[in-house]
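Understanding the architecture of this molecule
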Amino acid sequence: MLLALGLALLVGLGAATIAEAGGFEGVASCAGSTCHGRNEGDGKAVRQDELRIWQEPSSKTGAHSRAAAVLDTARGQRIATALGLGRAGSAPACLGCHSTNAPGEARGGRYLAADGVGCESCHGAASGWLSSHYAVPASHASNVAAGMIALDRPQVRAAVCLDCHFGSDKPGQFVTHAMMAAGHPRVSFELDLFSSLQQHYDVDDDYVKRKGRPDSVQTWAIGQAEAVKRSTRLFANPRFGSEGLFPQFYFYDCHSCHRRISDNPAARRTFEVNPARPIPFGNPPYNDENIIMLSAVASVLAPGPGARFDAAARQFHAAMAEGRPQAVAAAQQLGAAADALSDAIAARGYGGDAAFQVVAAIAGKAIAPRFTDYAGSAQAVMAVDTLLNAMVREDRVTLGAAAGIRASINRAYAAVGSPERYDPATFRAALGNAARGIAALR
């Protein structure tokens, strides 16, 4: 399965806990017909049908509202039973991401855990701003000051989403290797794509006046940087980086170990050595899907910090052969380099040819040889698709022109359609064809 949509929960406000963030008033507090509960998106300031979109039963836009319910499916209960968690729908290890899991003292009268990942999971506990966020002279800045999460800032949004779409150190927000062994989907994250799947607002003149115009290239790139930061921070934490005698295999590339085993002396080797990973032959590699993407985008948008990031990434891979202390130190250095890139990318907007240049870099000679594994390749085709869609949204490419190369994009997707059938050379050829098609639209 290409996209395993874990479900986003509330991000920390600095080091604040969910209880310290304020009271959670529940989805019903937003659902009035004069608020966000209309059937038609015809509001003057915001659409006002946001609840309808959040509850959409037939598409990914409604995934957050279905998050709690999936725990009580046969699959959800099978996972919980294997892990000895009892009923999945009440297991703390599950509710941390499958609901707005506010503690009892922070739950308002309309709060329902069964609502799944509700409004306040992403927008913040509403008690401080619910009654004032729509009233004159309220502004976006005043709402944020009152406790609303500033999701218009890509770094903030990425941190919110990553809490469950990668993991956090908060209770119930880390998917272990044991959970995946029990049947939980592999977790994967891409900020701009996931934002598009969950979009319940229009980027109209009013939005731009209040929050500025979103920059898809910047959003995607910051998402990659923040994912590397999160990954390395959790890996360096001994509570998450190790599991008994073994490392926590959640951090490593799944398919480097989960391959067909054969004693046939003529068996064909099913993996390639990766030129950017100086690790001993046969060692499981760290899952570097976001590292590869950040390296590609940094070469275009921030080459100076990007070169330092690349050096830190190589050292991180090399440290895996040296020991846990060395790997932790290298992870901290890599996280700091990703942090510097995140800040550098956030400091300015990108227009014109930036998306074209990043697509070319992803499929170019420096990066393409690093697509030796399924996870990184899946991330790459998502990136190319995301950036093409950004070109259309921002009027750099016509919808008709983009549709003309959809077949090339679909062939790249087909090349990562199944981990069992993944072939690196086939994928690189498909990605290269898609990238050349996009370049021809420039």
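The structure this text deals with has already been given above.
Let us look at the structure shown here. (Residues numbered from 1 in each chain as written. Predicted model: local features only at pLDDT ≥ 70, side-chain atom pairs only at ≥ 80, totals over all residues. Heavy atoms only, no water.)

The next thing to look at is the pattern of salt bridges. For the structure on display, the rule yields 21 salt bridges. Residue D163 is joined to R230 by a salt bridge in which the shortest nitrogen-to-oxygen separation is 2.9 Å. One end of the pair, D163, is in helix α6 (residues 154-165); the other, R230, is in helix α10 (residues 216-236), with 67 residues separating them in the sequence. Where D373 meets R277, a salt bridge forms, and the shortest distance between an N and an O atom there is 2.8 Å. One end of the pair, D373, is in the loop between α16 (354-362) and α17 (374-393); the other, R277, is in the loop between α12 (254-257) and α13 (289-301), and 96 residues separate them in sequence. This pair shows no difference in class: D373 is buried, exactly as R277 is. Among the charged side chains, a network of salt bridges with common partners joins R47, D49, R52 and D202. (Salt bridge = Lys/Arg side-chain N within 4 Å of Asp/Glu carboxyl O. Helix = DSSP H or I, 4+ residues; strand = E, 2+ residues; numbered from the N terminus. Buried < 20%, exposed > 50% of the residue type's maximum accessible area, 1.4 Å probe, protein only.)

Here the focus is the packing of aromatic side chains. Taken as a whole, this structure holds 20 aromatic pairs when the rule is applied. Ring geometry for F189 against F194: centres 5.7 Å apart, planes inclined by 80°, an arrangement best described as edge-to-face. The residues F189 and F194 share a single accessibility class, namely buried. Judged by centre distance (5.6 Å) and plane angle (75°), the rings of Y250 and F251 are edge-to-face. Taking the relative accessible area as the measure of exposure, F251 reaches 2% and is therefore buried. Each residue in the set F166, F174, F235, F240, F246, F249, Y250, F251, Y252, Y286 and F316 is aromatic and connected to the rest through ring pairs, giving one cluster. Here the guanidinium or amino end of R269 rests over the ring plane of F271, the centre of that ring lying 5.1 Å away. Lying over the aromatic face of F235, R324 brings its terminal NZ or CZ to 4.9 Å of the ring centre. (Phe/Tyr/Trp six-rings, centres within 6.5 Å; stacked < 30°, edge-to-face > 60°. Lys NZ or Arg CZ within 6 Å of the ring centre and 35° of its normal.)

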